[in-house]
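# Remarks on the overall topology
Now for the letters of each chain:
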Amino acid sequence: MATLPSTHCCRTYSSSSSASYSSVHRSLQRVAVSPSPKRFVSAKVSLQSQSVSQQNVVSMQDVAPAVKPVENETAFKKLKDGLLSATSGSVEESKDASGFSFEESESTVSITVVGASGDLAKKKIFPALFALYYEGCLPKHFTICGYARSKMTDAELRTMVSKTLTCRIDQRENCGEKMDQFLERCFYHSGQYDSQDHFAQLDKKLKEHEAGRIPNRLFYLSIPPNIFIDAVRCASLSASSGNGWTRVIVEKPFGRDSESSAALTKALKQYLEEDQIFRIDHYLGKELVENLSVLRFSNLIFEPLWSRQYIRNVQLIFSEDFGTEGRGGYFDNYGIIRDIMQNHLLQILALFAMETPVSLDAEDIRNEKVKVLRSMRPLQLENVVTGQYKSHVRGGITYPAYTDDKTVPKDSLTPTFAAAALFIDNARWDGVPFLMKAGKALHNKRAEIRVQFRHVPGNLYNRNIGTDLDRATNELVIRVQPDEAIFLKINNKVPGLGMRLDRSNLNLHYAARYSTEIPDAYERLLLDAIEGERRLFIRSDELNAAWALFTPLLKEIEEKKIIPEYYPYGSRGPVGAHYLAARYKVRWGDVGVDQ
């Protein structure tokens, strides 16, 4: 099968643009001092100065027609000579104390993993960074520094990290050599998260490795949310880049409700600009989620069908076949609605339902997502079912209840399962139920989007289909994980002399179609953060709109102490979820015999 031509898997990382930017930045620093407490207002000034420069060029072009035709050539030559002279002068002036110009300098990226001794860093962040290095996606000059309170040497960090590194299945020839090269660039610094002095020491260590190059710095906050602000304050005031960019990746949860989320955003913006904050939702980095807009906007057969006229309902399903093992204390403070629905599933819904953006620019896409979220009805308790798993014996094995976890209160009412019906009140989706379902300790592990189309009006083959019209419904299934696939369920004639119909799949199974290994979501998102691509990160107004949908519901559940429906560990979840779907004449697509 032919494959469309494409660029290399990694986007080109250019240091020249960064160098040019930093030269302008340095020259501005000589003449302007900002009273703002934020360290990076100068970046905004630099961009504004470039904009003003462009406006000046336009002004000269507007004046040009006034020159007499006979003198055009002479006037143009004078203008050209003047511009060249001014440019060469600015280049000379841009040489800094080290004696090199912006045309000759190189940039470097320092990636600091704050909370380097934690599980997320060990299992996801360091392996993702190595995968990017292995694929040649990181810039030429980079340094990785682990920062945490634990006492550790560089060698001990490298030993810890090496245990979680793996190489691509299809490229293992020089795996050991690549690992050694990567680990040589990994260093460690121990310090408190609320100590400016410790971050100043980190800054000194980073400068040693940056070796006079233009420093760009990325901080990944792999720490509990209650210490986000302390870490950001110290990093911003004591360890930010002086003449390059500084970016901070913030992990969820982004608060517990509208108020706490707004307070967190306000506190972050005391030290950072909005475009420096990268709120990460790793589900947006999943291959099939990334492919969602490609599937819709580049295939004519889907875009005309993407509306209430042809789609009967949309289902977003997330299930795990294990409980809270090891995370009971954290999970009990948030629950399944905050942990999965308000971010992962809602973000996928917004991408699925948005209008065609003006371009693939990050702001254009995020603008359309915000419009979807603002068009949605706030969730009502009557459209939500909650559940909590209980102990169950299967095959001689006893599986624990949620409250059997020693870190969970025995009387906890925190939902480990939730199903909800949401609605978008706009012209495209009016009346179409978007059903969400998320749970732990269920019968399988999956994340998928199911699009069920309307029944065929006046179907000629109703007699052959029978009374169960749902079995004859076309359905598009996008399986995000595991075993990634896209398949379309169609009605088809069974070969033979009779007229017997069955339901068949047109199947794109990624493992069978593509020989390359699918990158982990963290790889894509880390690469985007390094390159300043914000398309898959959450903007503050987007976050506000998301919390506005769920906060009233969450408060009502907690104030009324709604008792969740109990379901056995390893089952399909509470029966109430099926009644909720039936209220809107929907059958969950993941419970049929041919799911």
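Refer to the structure printed above.
Figured I'd write up the structure that's included with this text. (Residues numbered from 1 in each chain as written. Predicted model: local features only at pLDDT ≥ 70, side-chain atom pairs only at ≥ 80, totals over all residues. Heavy atoms only, no water.)

### Topic: the packing of helix H8 (residues 228–238) against helix H9 (residues 258–268)
For the pair H8 and H9, the least separation of the axes is 10 Å and the interaxial angle reads 10°. When the interaxial angle is binned, H8 and H9 end up roughly parallel. Across the interface between the two elements, Phe228, Ile229 and Val232 of H8 pack against Leu264, Ala267 and Leu268 of H9. Among the residues making up the contact of H8 with H9, the classes are represented as six nonpolar, no polar and no charged. (Axes fitted to C-alpha atoms, helices over the stretch in contact; angles between N-to-C directions. Helix = DSSP H or I, 4+ residues; strand = E, 2+ residues; numbered from the N terminus. Parallel < 35°, antiparallel > 145°, perpendicular 65-115°, else oblique. Contact = heavy atoms within 4.5 Å. Nonpolar A, V, L, I, M, F, W, Y, C, P; charged D, E, K, R; others polar.)

### As for the sheet that holds strand S5 (residues 246–251)
Strand order in the open sheet formed by six strands is S3-S2-S1-S4-S5-S6, with parallel pairing between adjacent strands. Since the sheet does not close on itself, it has two edges, and those belong to strand S3 (186–190) and strand S6 (277–280), each with one partner. Along the sheet, successive strands turn relative to each other by an average axial angle of 20°, direction set aside. Bridging between strand S1 (residues 107–114) and strand S4 (residues 214–221) involves eight bridges; their strand directions are parallel. Among the inter-strand pairings, Ser107 is bridged to a residue of S4, identified as Ile214. Here helix H4 (residues 119–134) sits on the sheet in contact with S1, strand S2 (142–148), S4 and S5, set at roughly 160° to S1. Those strands touched by helix H17 (residues 521–531) are S1, S4, S5 and S6, and its axis lies near 150° from that of S5. (Pairing = 2+ DSSP bridges.)

### Considerations on the pattern of salt bridges
Counting across every chain of the model gives 33 salt bridges. Glu533 is the salt-bridge partner of Arg535, the closest N and O atoms lying 3.9 Å from each other. The partly exposed category is assigned to Glu533, whose relative accessible area is 24%. Each member of the salt-bridge network shares a partner with another, and the members are Glu287, Glu290, Arg524, Glu533 and Arg535. (Salt bridge = Lys/Arg side-chain N within 4 Å of Asp/Glu carboxyl O. Buried < 20%, exposed > 50% of the residue type's maximum accessible area, 1.4 Å probe, protein only.)

### Let's talk about the packing of aromatic side chains
Under the counting rule described, the total for this entry stands at 22 aromatic pairs. Ring centres 6.1 Å apart and planes at 75° place the aromatic pair Phe331 and Tyr402 in the edge-to-face group. With Phe331 in helix H12 (residues 328–332) and Tyr402 in the loop between strand S10 (397–399) and strand S11 (417–422), this residue pair connects regions lying 71 residues apart in the sequence. According to the relative accessible area criterion, Tyr402 is buried, its value standing at 0%. An angle of 75° between the planes, with centres 5.9 Å apart, marks the rings of Tyr389 and Tyr402 as edge-to-face. One end of the pair, Tyr389, is in strand S8 (residues 384–390); the other, Tyr402, is in the loop between S10 and S11, and 13 residues separate them in sequence. Like Tyr389, the residue Tyr402 is buried in the burial classification. (Phe/Tyr/Trp six-rings, centres within 6.5 Å; stacked < 30°, edge-to-face > 60°.)

### Some details on the side chain of Ser238
Tracing the backbone shows Ser238 in helix H8. With a relative accessible area of 15%, Ser238 lands in the buried category. Separated by 3.3 Å, the side chain of Ser238 and the backbone oxygen of Gln196 make a polar contact. (Polar contact = N/O pair within 3.5 Å; in protein donor to acceptor, adjacent residues only side chain to side chain.)

### Section: the nonpolar core
Phe182, Phe352, Phe434 and Phe550 are the most contacted members of the largest nonpolar core, which has 149 residues in total. Among the elements that line this core, the one with the most residues is helix H13 (residues 335–353), at 12 residues. For Phe550, the contacting residues outside a window of four places in its chain are Ile337, Met341, Gln342, Leu346, Leu379 and Leu422. (Core = buried A, V, L, I, M, F, W, Y, C linked by side-chain atoms within 4.5 Å.)

### Comments concerning the packing of H4 against helix H6 (residues 175–183)
Where H4 meets H6, the axes come as close as 10 Å, and the angle between the chain directions of the two elements is 115°. Taken as a pair, H4 and H6 cross one another with a handedness that is right-handed. For the pair H4 and H6, contact is made by Phe126, Leu129, Phe130, Tyr133 and Tyr134 and by Cys175, Lys178, Met179, Gln181 and Phe182, respectively. Across the contact of H4 with H6, the residue classes break down as eight nonpolar, one polar and one charged. (Left-handed = near helix turned anticlockwise from the far one by under 90°.)

### Some thoughts on unusual backbone geometry
Cis peptide bonds are those with omega within 30 degrees of zero, and the linkage from Lys252 to Pro253 qualifies with 10°. Examined against the element boundaries, Pro253 turns out to sit in the loop between S5 and H9. The peptide bond linking Gln481 to Pro482 adopts the cis configuration, its omega dihedral lying at -15°. Within the secondary structure, Pro482 is located in the loop between strand S14 (475–481) and strand S15 (485–493). Positive phi, normally seen in glycine, also occurs at Lys561, with a value near 50°.

### Re the environment of Arg374
Considering the arrangement of structural elements, one finds Arg374 in helix H14 (residues 362–374). Residue Arg374 is classed as exposed on the basis of its relative accessible area, which comes to 59%. Sequence spacing of Arg374 and Asn544 is 170 residues, and the spatial spacing of their C-alpha atoms is 9.7 Å. What Arg374 contacts, discounting residues up to four positions off in sequence, is Asp541 and Ala545.

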